[in-house]
Amino acid sequence: MEPQTINRFIKYLKAAMTPSFWPALAKGVMPAVEHIGAIKRLAPRTLIDIGANKGQFSLMARYLFPSIEIQAFEPLDRELQIYRSLIGRRAQLHATALGDVTGSANFFVTARADSSSLLEPDLGQEKAYGIRTKASMLVPVARLPEIIDVETFKRPILMKLDVQGAELEVLMGAEQILRFIDAIYCEVSFVELYKGQPRATEIIQYLAQRQFELRGVFNMSTTKEYGPTQADLLFLPRVEVGQGP
């Protein structure tokens, strides 16, 4: 079997061994168990799930932290409905994309919905993962501080971003509230999979300038075409010497 096939098989076995995940599996939704090692030690009380899709990450976070409060963002209606059916009123769901400006924008829907993006998939996406654009649609776009009042949330606050190349735009739109965020968990790419996509080094530099330091690299995705292609990065606020661990 190919490495990606093996990884998916192992992921399914881990999820299938947890009865809490069975309702999701029955609906064809795979909880994001691959992220457990990265976030279990963070003990967040609030999750801002940006690019929530069908609730894969939220399901995993709720399993680890049953009392966690969730603010989830997803612009695709079908995925919203599945998310709602699995998590329901236990999360506040926002039917919008996030960016650095307010208005509306074309959203590129791919054959695999969790690869859809505000950025148009480039040839790299097809070469690396065989994913093509299926359609496009107009969706609302907002800046994060316009939707939520993060100062009222319980801390620690974990911000998770998986928006297929638009991560830097989301962070720029949320710049004024980043000081209230206790951890950022962000998918990044090392090659251009979407047109105009910022790469990992740009995101690392942007967050470093805002006093976040890279503290972990998880779930490296390696493809035949490019080698190391994507990964999940964990950022924590920088602590000055003498101010704490």
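The structure we're discussing is the one just above.
Fair warning: this is a prediction, and the values are worked out from it, not measured in the lab. (Residues numbered from 1 in each chain as written. Predicted model: local features only at pLDDT ≥ 70, side-chain atom pairs only at ≥ 80, totals over all residues. Heavy atoms only, no water.)

**Q** Requested: an account of the overall build of the protein chain, with residues and values cited.
**A** Helix and strand content of the protein chain: eight helices and ten strands. By the compact-globule yardstick of 18 Å for 245 residues, the protein chain fits well, its C-alpha radius of gyration being 17 Å. Along the first, second and third principal axes, the C-alpha atoms of the protein chain reach 50 × 40 × 35 Å. In the protein chain, which comprises 245 residues, the proportion classed as buried is 51%. The contacts in the protein chain between residues at least 6 apart in sequence include a share of 66% that link residues at least 24 apart. If the 28 positive side-chain charges of the protein chain are averaged to one point and the 27 negative ones to another, these points end up 7 Å apart. (Helix = DSSP H or I, 4+ residues; strand = E, 2+ residues; numbered from the N terminus. Rg over C-alpha atoms; globule rule 2.2 N^0.38 Å. Buried < 20%, exposed > 50% of the residue type's maximum accessible area, 1.4 Å probe, protein only. Contact = heavy atoms within 4.5 Å. Lys, Arg positive; Asp, Glu negative; His and termini not counted. Charge placed at Lys NZ, Arg CZ, Asp CG, Glu CD.)

**Q** Explain a nonpolar patch on the surface residue by residue, including any values.
**A** A contiguous nonpolar surface patch, about 370 Å² in accessible area, is contributed by F9, I10, Y12 and L13. Structurally, the position occupied by F9 is in helix α1 (residues 3–16). For F9, a relative accessible area of 45% translates into the label partly exposed. (Patch = residues over 30% accessible without salt bridge, like charges linked within 9 Å, V, L, I, M, F, W, Y side chains within 5 Å. Areas by Shrake-Rupley, 256 points an atom, 1.4 Å probe, with all protein chains shown as cover. Salt bridge = Lys/Arg side-chain N within 4 Å of Asp/Glu carboxyl O.)

**Q** Give a detailed account of the environment of L118, specifying residues and quantitative values.
**A** Relative to the helices and strands, L118 resides in the loop between β5 (103–110) and α6 (123–129). Through-space distance from the C-alpha of L118 to that of M137 is 9.8 Å; in sequence the pair is 19 residues apart. Not counting the four nearest positions on each side in its chain, L118 is found in contact with A97, L98, A105, N106, F107, F108, V139 and V141.

**Q** Tell me about the nonpolar core, residues and numbers included.
**A** Formed by 32 residues in total, the largest nonpolar core has its most connected members in I48, I50, L144, M159, L178 and I184. Looking at this core, the element that brings in the most residues is helix α8 (residues 200–208), giving four residues. Setting aside its immediate chain neighbours within four residues, L178 contacts M159, L171, I184, Y206, L207, R210 and F212. Among the nonpolar cores identified, the runner-up in size contains 27 residues, and L42, A72, L86 and L93 belong to it. (Core = buried A, V, L, I, M, F, W, Y, C linked by side-chain atoms within 4.5 Å.)

**Q** So what about the side chain of S117? Which residues, and what values?
**A** Relative to the helices and strands, S117 is located in the loop between β5 and α6. On the basis of relative accessible area, S117 is assigned to the buried category, the value being 1%. A distance of 2.8 Å separates a polar side-chain atom of S117 from the backbone oxygen of Q164. Setting aside residues no more than four positions away along its own chain, S117 makes contact with F107, F108, V163, Q164 and Y194. (Polar contact = N/O pair within 3.5 Å; in protein donor to acceptor, adjacent residues only side chain to side chain.)

**Q** Account for the packing of aromatic side chains, with residues named and values stated.
**A** Per the counting criterion, the structure on display carries three aromatic pairs. Aromatic side chains Y185 and F218 sit 6.3 Å apart centroid to centroid with 55° between the ring planes, which places their arrangement in the tilted category. A residue pair is termed long-range when its members are at least 10 positions apart, and Y185 in strand β8 (residues 183–189) and F218 in strand β9 (residues 212–223) qualify at 33 residues. Relative accessible area serves as the criterion here: at 23%, F218 is assigned to the partly exposed category. An aromatic cluster of three or more residues is present, and its members are F57, Y185 and F218. The ring of Y206 carries R210 above its face, with NZ or CZ at 3.7 Å from the centroid. (Phe/Tyr/Trp six-rings, centres within 6.5 Å; stacked < 30°, edge-to-face > 60°. Lys NZ or Arg CZ within 6 Å of the ring centre and 35° of its normal.)

**Q** Explain helix α5 (residues 77–87) residue by residue, including any values.
**A** For α5, the full list of buried residues reads E79, L80, I82, Y83, L86 and I87. Taken down its axis, α5 places every buried residue within 165° of arc, on the same side. Of the residues in α5, the exposed ones pointing more than 90 degrees away from the buried face are D77 and R78. Buried-residue contacts for α5 involve α2 (22–26), α4 (56–64), β2 (69–73) and β3 (92–94). (Arc of directions from axis to C-beta.)

Treat this as a map of the structure, not an account of what it does.
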